[in-house]
Amino acid sequence: MTKTNSKTTKYQYQEYADIDTGYQALRWHEPVIYELSRKGSRNEIIPNAEKEIQVKVGDITKKIPKKICRKTPAALPELSEPEVMRHYLRLSQETFGYDSGVNIGLGTCTMKYSPKLNDQLAKLPSIAYLHPLQPEETFQGLLEIMYDLRTWLCELSGMDEFSFLPRGGGHSVYTNACIMRAYHRANGNLHKNEVITCAVSHPCNAGCPSTAGFKVIELHPNKNTGDIGLDQLEAVVSDRTAGLFLTAPYDTGVFDSQLGEYAKLIHSYGGLVALDQANFNGVMTRMRAGDIGADLMHFNLHKTFSTPHGSAGPGAGAIGVKKELREYLPAPLLEFDGSQYHLNYNLPKTIGKTGVFYGVIINVLKAYAWIMSMGEQGLREASEWAVINNNYLIKKMLEVRGVDIAWPNRRKLQEARFHLQKMKEETGIGSAEVNLRIADFGIQTFFESHEPVIIPEPVTPEASEAASKEDLDRFVEAFHQISKEAYSNPEIIRTAPHHCTIHQTNLEPLLDSKRTKVTWRAYQKRGLS
Amino acid sequence: MNPGERKKKLGLIVNPLAGIGGRVGLKGSDGIETVKKAFAMGAEIISPQRAMETLQDIYPFKDEFDLFTYPKGMGEDEAKACGFSPIVLGEIVPDQTSAEDTKSAARKMVDLEIDLILFVGGDGTARDIYEAIGDKATVLGIPSGVKIHSSVYAVNPHRASELIKMFLKGSAPVREMEVMDIDEDLFRKGQVSARLYGYLQVPHEKGLIQSAKSASLGAGNNRTIAEAVVDGMNDDYYILGPGTTVKAIGDELKIEKTLLGVDVIYRKQLIGKDLNEQQLLGLIEGKNAKIVVTIIGGQGYIFGRGNQQISPRVIRKVGKQNLIVIATKNKLLSLKGPLLVDTGDSECDNYLSGYIRVITGYNEESVWKIEC
Ligand SMILES: Cc1ncc(COP(=O)(O)O)c(C=O)c1O
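Residues numbered from 1 in each chain as written. Chains lettered and ligands numbered in written order. Predicted model: local features only at pLDDT ≥ 70, side-chain atom pairs only at ≥ 80, totals over all residues. Heavy atoms only, no water.

### Topic: the overall build of chain A
- Helices and strands together make up the secondary structure of chain A, namely 16 helices and 12 strands.
- At 26 Å, chain A has a C-alpha radius of gyration in line with the 24 Å of a compact globule built from 529 residues.
- Counting all 529 residues of chain A, 50% fall into the buried class.
- Looking at chain A alone, contacts between residues at least 24 apart form 73% of all its contacts between residues at least 6 apart.
- Accessible surface for chain A amounts to roughly 25700 Å². Of this, 55% is attributable to carbon and sulfur atoms.
- For chain A, the distance from the average position of its 59 positive side-chain charges to the average position of its 61 negative side-chain charges is 8 Å. (Helix = DSSP H or I, 4+ residues; strand = E, 2+ residues; numbered from the N terminus. Rg over C-alpha atoms; globule rule 2.2 N^0.38 Å. Buried < 20%, exposed > 50% of the residue type's maximum accessible area, 1.4 Å probe, protein only. Contact = heavy atoms within 4.5 Å. Areas by Shrake-Rupley, 256 points an atom, 1.4 Å probe, with all protein chains shown as cover. Lys, Arg positive; Asp, Glu negative; His and termini not counted. Charge placed at Lys NZ, Arg CZ, Asp CG, Glu CD.)

Shown next as structure tokens:
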């Protein structure tokens, strides 16, 4: 059995660990479950079925097709039930999330609190036991929910049709790029092969059109306004322009004031406009992509609409298009004939199937439940709180020594890009270092920036409407303390975290896929190299 | 340090005279006459101070490396003043050091397989290092001279310390950076004329953070940029500027593009090497031509530094619409400001100003503003 960290050795930086941060994570030194295995350990054995049933059913193992039967037993670890329970409970205690600490760091992710009620609805057995291959007339209720959500999202976005087929934000942008490609091809415009985007849009707005075969031209925000500016767009738009892909608001929290003008310009060259509203939180019910000229757009249901981004379940993108593009959407489309809901696969111009079945249903249900519980007025208020919370955070953060903000004179919506260039210059401590230390305060590490990193030493938190004033104050307080440490004893920060489940780890090998062993078997075969 | 890994070797070369001209209003300090004049005007030596700022920062890590240096004011004094016990190489005549001493120090350090050679000085010092060792070792400049055009220097001594620490940890990748210098005689008369002398291997901070959320940029490299240019080529004459980014086009076409000169290719064949303005004008007379240039790392110049052969007359003849600028995204992102032009002809500079698409990879362009 591999030795875990010996508990008797003194922690190298104990004096730093003694500094009070108001937080100490559990530390279990829990081995990998295979290391806990003991031959012969087991759970209680499930009793055999009654004779009568056995006779009726026969040997069910015979019913499993030969070719999918394994020849040797699976190499599973052998443990008793309480050992298994203890193991996984401990691991769960070493995680960190909204339910265990302050979670306002992950800007552009909208990691806001998701009401448990919505989770419960999505978990209902009546949903869980549905099979996607059932005939559509047997799950009309679910289709009705999907159709209603589609209608509400049309209303919120000003678009004419929605599809829930993409599995995430990046997948949505890719799907939109494919629709754009299909549209230009159908119109015989094969020369339209250039997509314009900008460096403060999520990078999938560059990456996905590129994957779809477009040449990608990346603009940069004006250093004073944070907008890309009509003059810059005019300098690159041409007959070859297929379309514009922008995130709105930008990752910097700036809402480009000339989006409508850009759309007009792009349309005048026969191009299409695709807006990425993965993060819709700051503008809900206050602007509609369709109204300012977007032809395609998407929401991340797993951000704004009651599923947190990442780790808490699957993602789900919802793409919206204007009616001219409806026929290119992936199949199937949801339709209602006045009495029945249908899944329409008969779409001659569709870009095809982009995923199995009809989308990620549990996210659709959570989004439906959330919108239902909020109502239009509730959504409006939530976006207001998201913006107010962020602007409170900005005001407080700028009082911290060494913290500045990009585009200081520009109003920010739901998030903002701070930076620590001065702190880095004066103390050697920048955003990467601070990020390791902030975890010591029971605060989720913050998002730095998407690539390309045009603002060095970036910090991009996002309060969202769910953060309390106490949470915001705690975040800022931690920054004050860390800044003091940077200016007095930066070693505390360089060697952090001291209060977390694990201390600093060398992540470098993880980036090298050849050295990473993701299964026990691979580890057994090749060891750690 | 992992067991089995050998202790790192750090070298230190201080040019004790670097930067003294500036304080008394002389631009630069190359040439014995200038140095004498500077001293006569009461110049103070500043490079030891700069060296010590870095040495103090890295003192806490002194057990992780052995420090090699040159005698007296070329590093020994500074190292000892900061508490180091350096291994001292070579011999010098104190107060009468010259470029030759810098060069022999660098050569000795290459022989000793020093992992990172730090040098304190200005553009002249960088040139000396380049002449002595080229790309045979990894080096890093600590800026002391008044005028620095070379990209081989850290922004300041403290940033240099950060880079050294990262380098020791193995987390600062090495890339080629420009050694530039201007003609000091002309400069003192108020004329700027910078030349590209070559490239040194310099560690750099990964500008692009690898946060959990952002995947690797997978940005274009010189090779994919060259492929993009070559695939877009037609029957025009292509004037290729200096630098490794442009040289990769030659590699892609399997022709011998000069690294530091301006060459011309036509139908993918080299038809002129290391040409001057007149030769360029002669070759493109009455022809359609294009210019391919890259930017000077850290500075952003696309014309007027290291490629004066592509003069305002050549630029006008070719036309702005036929200008192809190429650079990796990393190079662009490490710039502090916009792209710059300084052709010596303000009308031409104005003509070039505005937004331009820079090719950063295959099917990948980035729009930047040219200012003058
Ligand atoms: C603005 C924006 N667009 C798109 C995405 C991509 O979403 P996903 O991570 O679901 O692919 C994100 C989130 O990371 C985002 O912030």
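### Things to note about the site of the ligand
All names here are of chain A.
- Around the ligand, 14 residues are found, and the nearest of them are Gly169, Gly170, Asp276, His302 and Lys303.
- A distance of 2.7 Å is found between an oxygen atom of the ligand and a backbone nitrogen or oxygen belonging to Gly170.
- In the model, an oxygen atom of the ligand is placed 3.3 Å from a nitrogen or oxygen of the His202 side chain.
- About the coverage of the ligand: the protein hides 87% of its 380 Å² of free accessible area. (Near = heavy atom within 4 Å. Polar contact = N/O pair within 3.5 Å; in protein donor to acceptor, adjacent residues only side chain to side chain.)

### With respect to the interface of chain B and chain A
- Counting from both sides, the interface comprises 27 residues of chain B and, opposite them, 35 residues of chain A.
- Summing both partners gives a buried area of about 2600 Å² for chain B against chain A, and 49% of it is carried by carbon and sulfur.
- At the boundary of chain B with chain A, the tally comes to 5 salt bridges.
- With a closest N to O distance of 2.9 Å, Arg357 of chain B and Glu194 of chain A form a salt bridge.
- If you look at where chain B meets chain A, you find 11 residue pairs in polar contact (both at pLDDT 80 or more).
- Elements with a minimum of two residues in the side of chain B that touches chain A: helix 7 (157–169), helix 13 (329–333), strand 15 (354–361) and strand 16 (364–371) of chain B.
- With 6 residues, the single largest contributor to the side of chain B that touches chain A is strand 16 of chain B. (Buried area = accessible area lost by both parts, 1.4 Å probe. Salt bridge = Lys/Arg side-chain N within 4 Å of Asp/Glu carboxyl O.)

### What to know about the sheet that holds strand 11 (residues 418–419) of chain A
Residue and element names in this part refer to chain A.
- The antiparallel open sheet is built from 3 strands, whose spatial order is 10-11-12. Of all strands in the sheet, those bounded by a partner on one side alone are strand 10 (404–405) and strand 12 (458–459).
- In this sheet, strand 11 lies alongside strand 10 in antiparallel orientation, the contact comprising 2 bridges. Of the residues in strand 11, the one forming a bridge with Asp404 is His419. (Pairing = 2+ DSSP bridges.)

### Description of helix 6 (residues 123–133) of chain B
Residue and element names in this part refer to chain B.
- Counted residue by residue, helix 6 has 8 buried out of 11 residues, so it is predominantly covered.
- All of the buried residues in helix 6 are Asp123, Gly124, Thr125, Ala126, Asp128, Ile129, Ala132 and Ile133.
- Looking at the buried side of helix 6, the elements it contacts are strand 1 (8–14), helix 5 (99–111), strand 4 (116–121), strand 5 (139–143), strand 6 (174–182) and strand 7 (194–203).
- Once helix 6 finishes, Gly134 follows within two positions and takes phi at roughly 50°, a positive value.

### Some details on the pattern of salt bridges
- Considering all chains together, one arrives at 46 salt bridges over all chains under this definition.
- For Glu425 of chain A, the salt bridge goes to Arg159 of chain B, with nearest N and O atoms at 3.5 Å. One end of the pair, Glu425 of chain A, is in helix 12 (residues 421–427); the other, Arg159 of chain B, is in helix 7, on a second chain.
- Connected through shared salt-bridge partners, Glu194, Lys215 and Arg240 of chain A together with Arg357 and Glu365 of chain B make up one network.

### Here we look at the packing of aromatic side chains
All names here are of chain A.
- According to the stated counting rule, one finds 24 aromatic pairs over all chains in the structure shown.
- A centroid spacing of 5.0 Å and a plane angle of 15° characterise the contact between Trp152 and Tyr368, whose relative ring orientation is stacked. Of the two residues, Trp152 sits in helix 6 (residues 140–157) while Tyr368 sits in helix 11 (residues 361–397), which places them 216 residues apart along the sequence.
- Using a relative accessible area of 25% as the deciding quantity, one classes Trp152 as partly exposed.
- Ring geometry for Tyr183 versus Tyr328: centroids 6.2 Å apart, planes at 85°, classification edge-to-face. Of the two residues, Tyr183 is situated in helix 7 (residues 169–186) and Tyr328 in the loop between strand 7 (317–321) and strand 8 (333–336); the sequence distance between them amounts to 145 residues.
- Here the aromatic cluster, defined as three or more aromatic residues joined through ring pairs, consists of Phe162, Phe280, Phe299, Phe305 and Trp370.
- We note Arg401 situated over the ring of Tyr487; from NZ or CZ to the ring centre the distance is 3.5 Å. (Phe/Tyr/Trp six-rings, centres within 6.5 Å; stacked < 30°, edge-to-face > 60°. Lys NZ or Arg CZ within 6 Å of the ring centre and 35° of its normal.)

### Overview of the domain arrangement of chain B
Residue and element names in this part refer to chain B.
- Per the domain assignment, the segments making up chain B are domain 1 (8–203) and domain 2 (222–371).
- On the domain 2 side, the residues contacting the 16 residues of domain 1 number 16 residues.
- Both sides together, the interface formed by domain 1 and domain 2 hides about 1200 Å², and carbon and sulfur atoms give 55% of it.
- It is Glu178, Leu196 and Tyr199 in domain 1 that bury the most area against domain 2; as a group they hold 35% of the surface buried on that side.
- Between the two partners, domain 1 and domain 2, sit 1 salt bridge.
- Between Lys331 and Glu178 there is a salt bridge; the shortest N-O distance is 3.8 Å.
- Run the count over domain 1 and domain 2 and you get 5 residue pairs in polar contact (both at pLDDT 80 or more).
- Looking at the side of domain 1 that touches domain 2, the elements that each hand over two or more residues are strand 6 and strand 7.
- Here the element with the most residues in the side of domain 1 that touches domain 2 is strand 7; it accounts for 6 residues. (Domains from an automatic or database assignment.)

### Considering the sheet that holds strand 3 (residues 87–88) of chain B
Residues and elements named next belong to chain B.
- If you walk across this open sheet you meet the 5 strands as 3-2-1-4-5, and the pairing is parallel. Because the sheet does not close on itself, it has two edges, and the strands there are strand 3 and strand 5.
- Where strand 2 (residues 65–69) and strand 3 come together, 2 bridges link them in parallel fashion. Considered in strand 3, the bridge of Thr69 is made with Val88.

### A few points about the packing of helix 6 of chain A against helix 11 of chain A
Residue and element names in this part refer to chain A.
- Here helix 6 crosses helix 11 at 50°, and the two axes come no closer than 10 Å. Considering their axes alone, helix 6 and helix 11 lie oblique with respect to each other. For the pair helix 6 and helix 11, the crossing hand works out as left-handed. Along its contact with helix 6, which presents Leu142, Ile145, Met146, Asp148, Leu149, Trp152, Leu153 and Leu156, the element helix 11 presents Ile361, Val364, Leu365, Ala367, Tyr368, Ile371, Met372 and Leu379.
- Of the residues belonging to the contact of helix 6 with helix 11, the class tally is 15 nonpolar, no polar and 1 charged. (Axes fitted to C-alpha atoms, helices over the stretch in contact; angles between N-to-C directions. Parallel < 35°, antiparallel > 145°, perpendicular 65-115°, else oblique. Left-handed = near helix turned anticlockwise from the far one by under 90°. Nonpolar A, V, L, I, M, F, W, Y, C, P; charged D, E, K, R; others polar.)

### Quick notes on the side chain of Lys290 of chain B
Residue and element names in this part refer to chain B.
- Among the secondary structure elements, Lys290 is positioned in strand 11 (residues 289–294).
- With a relative accessible area of 14%, Lys290 lands in the buried category.
- Polar side-chain contacts of Lys290 include one of 2.6 Å to the side chain of Asp236.
- When near neighbours in sequence (up to four residues on either side) are disregarded, Lys290 contacts Asn234, Asp236, Tyr237, Tyr238, Ile239, Val318, Asn322 and Ile324.

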